[in-house]
Amino acid sequence: MGEEDKRFLYDLTVPLHPGMVIYPGDPLFTKEFSYSLAKGAGFNVSAITLGSHTGTHVDAPAHFYADGITLEQIPLTCFLGPAKVIEINAKKSIFPHHLIDKGIKEGDRILFKTANSEFVRARSFHPDYIYLSPEAAKYLVDAKVILVGFDYFSIDDFYNEDNPCHKILLAKNIPILEGLNLADVPEGNYYLMALPLKISGSDAGPVRAVLMGEKV
Ligand SMILES: [Zn+2]
């Protein structure tokens, strides 16, 4: 077998479609034909509208900071490279004690898999998702990770409008990859490819997030 045959992919991306789950209050996803073969046009062309935080997406520092860097200014190296999927059996919130034995170190790309992966694919929004504690966000900053990924549409407690974890990570230019579907992904080490669209000046943007692994 060649080296190519040993590789496999996990697509972590939530499909974008009208009626998909949207974080409450965010713009809805729409897709309509501007030109349609079915209506006699010579080709199909669609008009697509969506919020910058729709589906699987990356948050840039400009999401919470007026002078923060915007999506296209984040180094692409954050989104391409080795990544660790860490499974956390937290009931409600992730604390530093969930992290200390996980070998998190400088330069890591960390993707958290929680019970959220059971409902990130569900048809309705689930406000009681598991979230990061501010202490855990500080732990990740102190560890000098370069990307934090999460298996729901926010890393912060839905009921805490201060969004402390977003602010703690984005203040240090650590982008946040949200809305990952990690349901089928075992804990372990992979290669991440999660490049956001190059939307100038944006606070966030959609991503096709894929993990590549190698069969042993
Ligand atoms: Zn977001």
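Cut-off values and rules
- Numbering of residues starts from 1 in each chain and follows the order in which that chain's sequence is written.
- This being a predicted model, a pLDDT of at least 70 is required before a residue's local features are given, and a value of 80 or more before pairs of side-chain atoms are given or counted; all residues contribute to the totals for chains, interfaces and linings.
- Helix numbering and strand numbering both begin at the N terminus, where a helix is a DSSP run of H or I of at least 4 residues and a strand a DSSP run of E of at least 2.
- With C-alpha atoms as the basis for the radius of gyration, the globule rule is written as 2.2 Å multiplied by the number of residues raised to the power 0.38.
- Here the C-beta atoms are placed from the backbone, and a residue counts as buried if at least 20 other C-beta atoms lie within 10 Å of its own, exposed if 12 or fewer do, and partly exposed otherwise.
- Residue pairs qualify as contacts under a 7 Å threshold applied to their C-beta atoms, which are placed from the backbone.
- Remark: nonpolar core denotes a set of buried Ala, Val, Leu, Ile, Met, Phe, Trp, Tyr and Cys residues whose joining runs through C-beta atoms within 7 Å.
- Pairing between two strands is assigned when DSSP locates at least 2 bridges connecting them.
- Between N-to-C directions, angles span 0 to 180 degrees; the directions come from axes that are lines fitted to C-alpha atoms, helices contributing only their stretch in contact.
- It is the directions from the helix axis to the C-beta atoms that the arc portrays.

Enquirer: When you look at the overall build of the chain in this model, what are you seeing that I'm missing?
Expert: Within the chain, the regular secondary structure consists of three helices and 13 strands. Radius of gyration (C-alpha) of the chain: 18 Å, near the 17 Å computed for a compact globule of 216 residues. Across its three principal axes, the chain shows a C-alpha extent of roughly 60 × 50 × 35 Å. Looking at the chain residue by residue over its 216 residues, the buried ones come to 38%. Counting contacts in the chain only where the partners sit at least 6 residues apart, residues at least 24 apart contribute 75% of the total.

Enquirer: Explain the environment of Asp 128 here, please?
Expert: Examined against the element boundaries, Asp 128 turns out to sit in the loop between β7 (109-113) and β8 (131-132). Between the C-alpha atoms of Asp 128 and Gly 81, which are 47 residues apart in sequence, the distance is 31 Å.

Enquirer: In this structure, what is going on with the nonpolar core? I would like to understand it.
Expert: The nonpolar side chains of a soluble globular protein tend to be buried, and buried together. Formed by 50 residues in total, the largest nonpolar core has its most connected members in Leu 140, Leu 147, Val 148, Phe 150, Leu 169 and Leu 177. For this core, the elements supplying multiple residues, two or more each, are β5 (80-87), β7, β8, α2 (134-143), β9 (147-150), α3 (164-170), β10 (176-178) and β11 (188-193). Discounting chain neighbours no more than four positions away, the residues touching Leu 177 are Val 58, Leu 147, Gly 149, Phe 150, Ala 194, Val 207 and Ala 209.

Enquirer: What exactly am I supposed to notice about the sheet that holds strand β4 (residues 57-59) here?
Expert: Within a sheet, neighbouring strands are paired by backbone hydrogen bonds and run either parallel or antiparallel to one another. The sheet built from nine strands is open, its strands ordered β1-β13-β11-β5-β7-β9-β10-β4-β12 with mixed pairing. Strands at the two margins of the open sheet, each flanked by one partner only, are β1 (7-11) and β12 (204-206). The average angle at which neighbouring strand axes cross in this sheet is 30°, direction not considered.

Enquirer: Help me understand the pairing of strand β3 (residues 45-49), please; the structure alone is not making it clear to me.
Expert: Taken residue by residue, a regular strand's side chains alternate between the two faces of the sheet. For β3, a buried count of zero out of five residues is recorded, marking the element as mostly open to its surroundings. Of the pairings in the sheet, the one linking strand β2 (residues 30-35) to β3 comprises five bridges and is antiparallel in character. Each residue of the ladder has a partner; that of Thr 30, found in β3, is Thr 49.

Enquirer: Explanation requested: α2 in the structure shown.
Expert: Each α-helix turn comprises 3.6 residues. Residues three or four places apart therefore point the same way. Considered for burial, the residues of α2 that qualify are Ala 136, Ala 137, Tyr 139 and Leu 140. All buried residues of α2 lie within an arc of 155° about the axis, which places them on one face of the element. Residues of α2 that are buried sit in contact with β6 (93-94), α1 (96-99), β7, β8, β9 and α3. At the exit of α2 stands Lys 144, carrying a positive phi of roughly 65°.

Enquirer: Even after reading the chapter, I still don't get the environment of Gly 19, so can you show me in this structure?
Expert: Tracing the sequence through the fold places Gly 19 in the loop between β1 and β2. Spatially, the C-alpha atoms of Gly 19 and Ser 124 are 9.4 Å apart, while their sequence positions differ by 105 residues.

Enquirer: Whenever I open this one, the pairing of β7 confuses me. Can you help?
Expert: The buried fraction of β7 amounts to five of the five residues, a majority that puts the element mostly inside the structure. On β7, burial covers both faces: Arg 109, Leu 111 and Lys 113 on one face and Ile 110 and Phe 112 on the other are all buried. Bridge count between β7 and β9: four bridges; the pairing is parallel. When the sheet's bridge partners are listed, Arg 109 is paired in β9 with Leu 147.

Enquirer: I tried to follow the environment of Leu 170 on my own but got confused; where do I start?
Expert: Note on placement: Leu 170 falls in helix α3. With 23 C-beta atoms counted inside 10 Å, the residue Leu 170 sits in the buried group. When the C-alpha positions of Leu 170 and Ala 62 are compared, they lie 8.1 Å apart, and in sequence the two are 108 residues distant. With residues up to four places along the chain from it excluded, the contact list for Leu 170 reads Asp 59, Pro 61, His 63, Phe 64, Tyr 65 and Gly 68.

Enquirer: How do you make sense of unusual backbone geometry when you look at a structure like this?
Expert: Backbone geometry follows two general trends: most residues other than glycine have a negative phi, and most peptide bonds adopt the trans configuration. Although it is not a glycine, Lys 144 sits at a positive phi angle of roughly 65°. Within the secondary structure, Lys 144 is located in the loop between α2 and β9. In the Ramachandran plot, Asn 173 falls in the positive-phi region, its phi being about 60° despite a non-glycine side chain. The residue Asn 173 is located in the loop between α3 and β10 in this model. Overall, the presence of 16 C-beta atoms within 10 Å leaves Asn 173 in the partly exposed class.

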